[in-house]
Amino acid sequence: MSTATVRGETRVRGFNDTEFDFQLLRSLGATATGGGSVGECLSIAARTADGVPASWVQNFSSMADMVDREAHRCLDEGHVVSARDLFCRAAMYYRAAEYFEHFDDPNHDALGLRSRDSFHAACSLFSPRIEVLDIPYSPVPLPGYFAPAPHARGPNQTLIILGGFDSSGEELYFQCGVEALRRGFHIFFFDGPGQTGMMRLQPKLPFRPDYEVVLRPVLDYLLTREDVDAERIALVGISFGGYLAPRSVCGEPRVRALIANSPVTDWGAYLGGFFGPHADEEPDFTDEDLAELPDEVITPRQKQMTLHSFRKFGTKTWYTFLKRIADFRLTPEMMATIECPVLACVSEGEGAEPMRQYEQFVKEVAGPVTQHTFGIAWGADAHCQLGNLSRFGQVAYDWLDDLFGSRQ
């Protein structure tokens, strides 16, 4: 046995696989807002085989199970704060495990539902508690949450949080909600058609381009609440929400401020950065063909991403998918109807196409636009600033404070 004195066995190491490394950053970033523990995330990473999805799923789900069990033990013993915090971390670890599970494997939705269940368990332990809601929508209700700002009195400023392609309502609480609550905003966060939380419950309800139809009942509901100030309702959209949120407020006067992080004006062109510039020249194939294609033609990771995309947009072939995503565009005419004040955000590390779309959005929007580029000096250069959520909260919500005339 060595007699040397050491600092510990856990090491700060990421992955060579770029997607694994980004997803680890995504989990580490949420530790700042209670969505994880640095030590737990690094412990998972140390046991996970680089670039092997099954290993990721196993280790994140095992950690989630352990943390969730500890949460129940604490709750049984009356340690409410500890139980709440543990349930929050378990919810995010189940979400991380869900991300790399094969989309058609029953365990994919099972992990997602465990994430939701753990978060629901935490909701009643907050003070004030987070309300679990179903917002009327056809054909099925929208699953959502309303978290009131502590110490708020009377009608209060309210932030609606809209996620993107693979975020869930529960994750939005940690990505955008906590920092807004700290600054005195009520928050409403939800899942719409095509989004992860909805797909867990309704896998045949894909994304739709006219997301104003989805936002409308949310606004209808919020304006029935006496604690919501109708003059101070803001909307933030992150990732693919950078298309969904701006599209939702085209001609919608009830939203008084918009944050787009980052703006997406053409989803097909945006995805071209992942699929390659000549994706439309590839031979057509079906979702069933994917499994038979050799790994030299399309890697297992690309197969999974493609299948995931097919399911979320309600298509079964490559050509119908490309045709469908072409509908998800913000035309100059649409952007000219966005008249509320806008904060347009982008990160330095996102690449040329997101930057091009950001610049187009800033040019075409009718309302007054404030621009902000998040940089590497702050460690906020990743997509949606997932490595520094506190920096995003500072910039975005200070802007809203100034706009709405509030300070926290």
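Residues numbered from 1 in each chain as written. Predicted model: local features only at pLDDT ≥ 70, side-chain atom pairs only at ≥ 80, totals over all residues. Heavy atoms only, no water.

It is worth spelling out the overall build of the protein at this point. Within the protein, the secondary structure is distributed over 16 helices and eight strands. A compact globule built from 408 residues should have a C-alpha radius of gyration of about 22 Å, and the protein, at 21 Å, falls within 12% of that. A burial count over the protein gives 55% of its 408 residues as buried. Long-range pairs, those at least 24 residues apart, make up 73% of the contacts in the protein between residues at least 6 apart in sequence. Summing over all exposed atoms, the protein offers an accessible surface of approximately 17,600 Å²; the carbon and sulfur share of this is 52%. A distance of 5 Å separates the average location of the 37 positive side-chain charges in the protein from that of its 56 negative side-chain charges. (Helix = DSSP H or I, 4+ residues; strand = E, 2+ residues; numbered from the N terminus. Rg over C-alpha atoms; globule rule 2.2 N^0.38 Å. Buried < 20%, exposed > 50% of the residue type's maximum accessible area, 1.4 Å probe, protein only. Contact = heavy atoms within 4.5 Å. Areas by Shrake-Rupley, 256 points an atom, 1.4 Å probe, with all protein chains shown as cover. Lys, Arg positive; Asp, Glu negative; His and termini not counted. Charge placed at Lys NZ, Arg CZ, Asp CG, Glu CD.)

A few words on the environment of Ala64. Here Ala64 is to be found in helix H3 (residues 53-76). In this structure Ala64 comes out as buried when scored by relative accessible area, which is 0%. For the pair Ala64 and Tyr94, spaced 30 residues apart in the sequence, the C-alpha separation amounts to 5.7 Å. In this view, Ala64 contacts Ala90, Tyr93 and Tyr94; residues no more than four positions away in its chain are not counted.

A few words now on the sheet that holds strand E7 (residues 342-347). Reading across from one edge, E1-E2-E4-E3-E5-E6-E7-E8 is the order of the eight strands in this open sheet, with mixed pairing throughout. Because the sheet does not close on itself, it has two edges, and the strands there are strand E1 (131-135) and strand E8 (369-374). On average, each strand axis in the sheet is tilted by 20° relative to the strand beside it, whichever way the strands run. In this structure, strand E6 (residues 257-261) lies alongside E7, joined through four bridges in parallel fashion. Across the sheet, residue Asn261 finds its bridge partner in E7, namely Cys345. Along the sheet face, helix H5 (residues 106-123) touches E1, strand E2 (142-147) and strand E4 (186-190) and points at about 30° away from the line of E2. (Pairing = 2+ DSSP bridges. Axes fitted to C-alpha atoms, helices over the stretch in contact; angles between N-to-C directions.)

Nonpolar side chains in soluble globular proteins tend to be buried together. Ranked by internal contacts, the top residues of the largest apolar core, which has 67 residues, are Leu159, Tyr173, Phe189, Ile259, Tyr397 and Leu400. Ranked by residue count, the leading element in this core is helix H4 (residues 80-100), at 12 residues. Sequence-distant contacts of Tyr397, that is, excluding residues within four places in its chain, are made with Leu159, Cys176, Glu179, Ala180, Arg183, Phe185, Ile259 and Phe392. Ranked by size, the runner-up nonpolar core spans 58 residues in total, among them Leu219, Leu244, Leu258 and Leu290. (Core = buried A, V, L, I, M, F, W, Y, C linked by side-chain atoms within 4.5 Å.)

With that settled, the discussion passes to the packing of aromatic side chains. Per the stated rule, a full pass over the model turns up 38 aromatic pairs. Ring centres of Phe15 and Phe20 lie 5.4 Å apart, and the angle between their planes is 90°; this geometry places the pair in the edge-to-face category. When sorted by exposure, Phe15 lands in the same class as Phe20, which is buried. With 6.1 Å between their ring centres and 75° between their planes, Phe119 and Phe174 make a pair best called edge-to-face. Of this pair, Phe119 sits in helix H5 while Phe174 sits in helix H6 (residues 169-182); the two residues are 55 residues apart in sequence, bridging distant segments of the chain. Each member of the pair, Phe119 as well as Phe174, is classed as buried. By way of ring pairs, the aromatic residues Phe165, Phe207, Phe240, Tyr243, Trp267, Tyr270, Phe285, Phe310, Phe313, Trp318, Phe321 and Phe328 are connected into one cluster. Its end group placed over the ring of Phe126, Arg84 keeps NZ or CZ at 5.1 Å from the ring centre. Its end group placed over the ring of Phe146, Arg225 keeps NZ or CZ at 3.6 Å from the ring centre. (Phe/Tyr/Trp six-rings, centres within 6.5 Å; stacked < 30°, edge-to-face > 60°. Lys NZ or Arg CZ within 6 Å of the ring centre and 35° of its normal.)

The next point concerns empty space enclosed by the protein. Vacant regions in the atomic arrangement are exposed by a probe of water-molecule size rolled over the atoms. Within this structure, the stated rule accounts for two cavities of 30 Å³ or more. If you add up the space inside the largest cavity, you get close to 80 Å³. In terms of lining, the largest cavity is formed by Arg95, Glu98, Tyr99, Phe103, His108, Asp166, Thr196, His308 and Lys312. Elements with a contribution of two residues or more to the lining of the largest cavity: H4 and helix H12 (300-313). Considering each element in turn, the lining of the largest cavity owes the most residues, three residues, to H4. Approximately 30 Å³ is the volume found for the second largest cavity. (1 Å grid on protein atoms, 1.4 Å probe; cavity = no way out; pocket = protein on both sides within 12 Å on 5 of 7 lines; lining within 4 Å. Points joined across faces, edges and corners; volume = space filled by probe spheres on them.)

Let us look at the side chain of Gln195. Relative to the elements of secondary structure, Gln195 occurs in the loop between E4 and helix H7 (196-201). When neighbours within four sequence positions are excluded, Gln195 is seen to be in contact with Leu162, Gly163, Gly164, Phe190, Phe207, Tyr211, Leu244 and Lys312.

The buried fraction of E6 amounts to five of the five residues, a majority that puts the element mostly inside the structure. Side chains Ala257, Ile259 and Asn261 project from E6 onto one buried face, and the interleaved Leu258 and Ala260 project onto a second face that is buried too. Here strand E5 (residues 228-238) pairs with E6 via five bridges, running parallel. Following the sheet pairing, Ala234 is matched in E6 by Ala257. This β-α-β element, E5 to helix H9 (residues 241-249) to E6, shows right-handed connectivity. (Right-handed = clockwise from strand over helix to strand, strands pointing away.)

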